[in-house]
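# Breakdown of the fold
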Amino acid sequence: MARYVDNKCKLCRREGMKLFLKGQRCFTEKCAVSRRDYPPGVHAQKRAKVTEYGVRLREKQKLKRIYGVAEKQFKLYFREAVRLKGNTGENLMMLLERRLDNVVLASGFALSRNHARQMINHGHFTLNGKWVDIASVRVKPGDKIAPGKNEKIKKQVADCLEVNKSQPVPNWLTVNRDTLTVHVTGLPRREDVPHPIQEQLIIELCSK
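What you see is a predicted model; the values in this text were computed from it and never measured.

### Structural notes on the overall build of the chain
Secondary structure summary: the chain contains nine helices and five strands in total. Listed by position from the N terminus, the elements making up the chain come as α-α-α-α-α-α-α-β-β-β-α-β-β-α. Sequence-distant contacts, at least 24 apart, represent 56% of the contacts inside the chain between residues at least 6 apart. Of the roughly 12,200 Å² of accessible surface on the chain, a fraction of 52% belongs to carbon and sulfur atoms.

Listed below in structure tokens is the structure:
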């Protein structure tokens, strides 16, 4: 799978908002968006007319970059969201929220989405007691996620929880800080998504 390896702060600057790709760093004075609130590039500060298509494309790019999915993955998620009953935009957001790497991050078990994905890919987490190394695995109510038996990884997860202690945990997840486990107690709802995304614009773009 392709992955972005360039400067991640450029992505935030391009979208004109914090995508929180670097975890706690995004809350400090070192955040690139706070220091340079204009797109990257030599001619980026020149005024450019934004079309209706451009507005919709930027919303789509924001969503892809926040959840770290490639274009091909995104199309698969969109097709599934269309097939499901209910609002397509909300279905799309909920499918992305239920990714394992998002659950690990939302639970405070990792410092950033890339950190969560790396630990999962290296096999440092279990899902219902079984080893898992696919970050895009979709969780469901009743699932239990926990770090493996490696004490070094458990210490790392505990440290992440301490760093993220002020971070609110979504209502559909229950985190036990003593046993380092997270239980999926329900399905996410639109109000559980913390990102300011206008999913209707994305649906209008992808439906053409």
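Now that the structure has been shown, we can carry on.
### What to know about the packing of aromatic side chains
With the rule as written, the count across this model stands at one aromatic pair. Both rings, one in Phe109 and one in Phe125, keep their centres 6.2 Å apart while their planes meet at 10°; by these two values the pair is stacked. Remark: Phe125 occurs in strand β1 (residues 125–127) and Phe109 occurs in the loop between α6 (100–106) and α7 (113–121); sequence separation between them is 16 residues. Take Phe125: its relative accessible area is 0%, and that puts it in the buried class.

### Remarks on the pattern of salt bridges
A pair can form between side chains of opposite charge whenever their charged atoms are brought close. Across all of its chains, the model carries 13 salt bridges by this definition. Between Glu204 and Arg56 there is a salt bridge, with the nearest N and O atoms lying 2.8 Å from each other. Here Glu204 is found in helix α9 (residues 199–206), whereas its partner Arg56 is found in helix α3 (residues 52–67), with 148 residues between them in sequence. Note on Glu204: relative accessible area 31%, which makes it partly exposed. On the accessibility criterion, Arg56 (17% relative accessible area) is buried. Between Glu71 and Lys60 there is a salt bridge, with its nearest N and O atoms 2.8 Å apart.

### Comments concerning the nonpolar core
Counting residues in hydrophobic clusters, the biggest one holds 23 residues, and the most contacted among them are Leu100, Val104, Phe109, Phe125, Val139, Ile145 and Leu173. Those elements that provide at least two residues to this core are α6, α7, β1, α8 (151–163) and β5 (181–184). Per-element tally for this core: the top contributor is α6, with four residues. The contact partners of Leu100, leaving out residues within four places of it in the chain, are Ile120, Val132, Ile134, Ala135, Val137, Val139 and Ile145. By size, the runner-up hydrophobic cluster in this structure holds 17 residues, among which are Phe78, Leu96, Ile197 and Ile202.

### Observations regarding unusual backbone geometry
Across the chain, the bulk of peptide bonds are trans and the bulk of non-glycine residues have phi less than zero. Of note in this structure, Asn128 is not a glycine but carries a positive phi near 55°. On the secondary structure map, Asn128 appears in the loop between β1 and β2 (130–132). On the basis of relative accessible area, Asn128 is assigned to the partly exposed category, the value being 39%. The backbone phi angle of Leu180 is positive, close to 55°, even though this residue is not glycine. On the secondary structure map, Leu180 appears in the loop between β4 (173–176) and β5. Of the residues examined, Leu180 reaches a relative accessible area of 9% and is grouped as buried.

### Things to note about the sheet that holds β5
Strand pairing in a sheet takes place through backbone hydrogen bonds and is either antiparallel or parallel in direction. Taken together, five strands build an open sheet; the order of strands is β2-β1-β3-β5-β4 and the sheet is antiparallel. Two strands lie at the open edges of the sheet, namely β2 and β4, each paired on one side alone. Strand-to-strand twist across the sheet, computed as the mean angle between neighbouring axes with direction ignored, equals 30°. Pairing analysis gives four bridges linking β4 to β5, with the strands arranged antiparallel. The residue bridging Thr174 from the neighbouring strand is His183, located in β5.

### Notes on α8
The first and last C-alpha atoms of α8 sit 18 Å apart over 13 residues, in line with the 18 Å expected at 1.5 Å per residue. Taken together, the buried positions of α8 are occupied by Ile153, Val157, Cys160 and Leu161. Buried residues of α8, seen end-on, are gathered within an arc of 100° and therefore sit on one face of the element. Exposed side of α8, more than 90 degrees from the buried face: Glu151 and Lys152 are the residues found there. Summarising the contacts, the buried residues of α8 are in contact with α7, β1, β3 (144–147) and β4. At the N-terminal end of α8, a side-chain oxygen is found 2.8 Å from the backbone nitrogen of Lys152, two or three residues along, and the residue is Asn150.

Quick notes on the rules
Note that residues are indexed from 1 along each chain, following the sequence as it is written. Predicted model: local features are reported for residues with pLDDT of at least 70 only, side-chain atom pairs are reported and counted for 80 or more only, and whole-chain, interface and lining totals are derived from all residues. Excluded from the side-chain calculations are hydrogens and water; all other atoms, namely the structure's heavy atoms, are used. The numbering of helices and of strands both runs from the N terminus, where a helix is a DSSP run of H or I of at least 4 residues and a strand a run of E of at least 2. Whether two residues are in contact is decided by their heavy atoms, any of which lying within 4.5 Å being enough. Note on areas: Shrake-Rupley with a 1.4 Å probe; residue coverage comes only from the protein chains shown. Under the pairing criterion, centres of Phe, Tyr and Trp rings, with the six-membered ring standing for Trp, must be within 6.5 Å; the plane angle then separates stacked pairs below 30 degrees from edge-to-face pairs above 60, leaving the rest tilted. The rule is simple: take the accessible area with a 1.4 Å probe, protein chains only, and divide by the maximum for that residue type; under 20% is buried, over 50% is exposed, in between is partly exposed. Here, a salt bridge means any side-chain nitrogen of Lys or Arg that lies within 4 Å of a carboxyl oxygen of Asp or Glu. The term nonpolar core refers to a set of buried residues drawn from Ala, Val, Leu, Ile, Met, Phe, Trp, Tyr and Cys, joined through side-chain atoms within 4.5 Å. By this definition, two strands are paired if DSSP reports at least two bridges between them. The axes used here are C-alpha line fits, helices contributing only the stretch in contact, and every angle between their N-to-C directions lies in the interval 0 to 180 degrees. Every helix has an expected span of 1.5 Å times one less than the residues it contains. In this description, one arc is meant: the one made by directions from the helix axis to the C-beta atoms. Throughout this description, a polar contact denotes any pair of N or O atoms lying within 3.5 Å of each other; where both atoms belong to protein, one of them has to be capable of donating a hydrogen while the other can accept it, and for residues adjacent in sequence the pair is counted only when both atoms sit in side chains.

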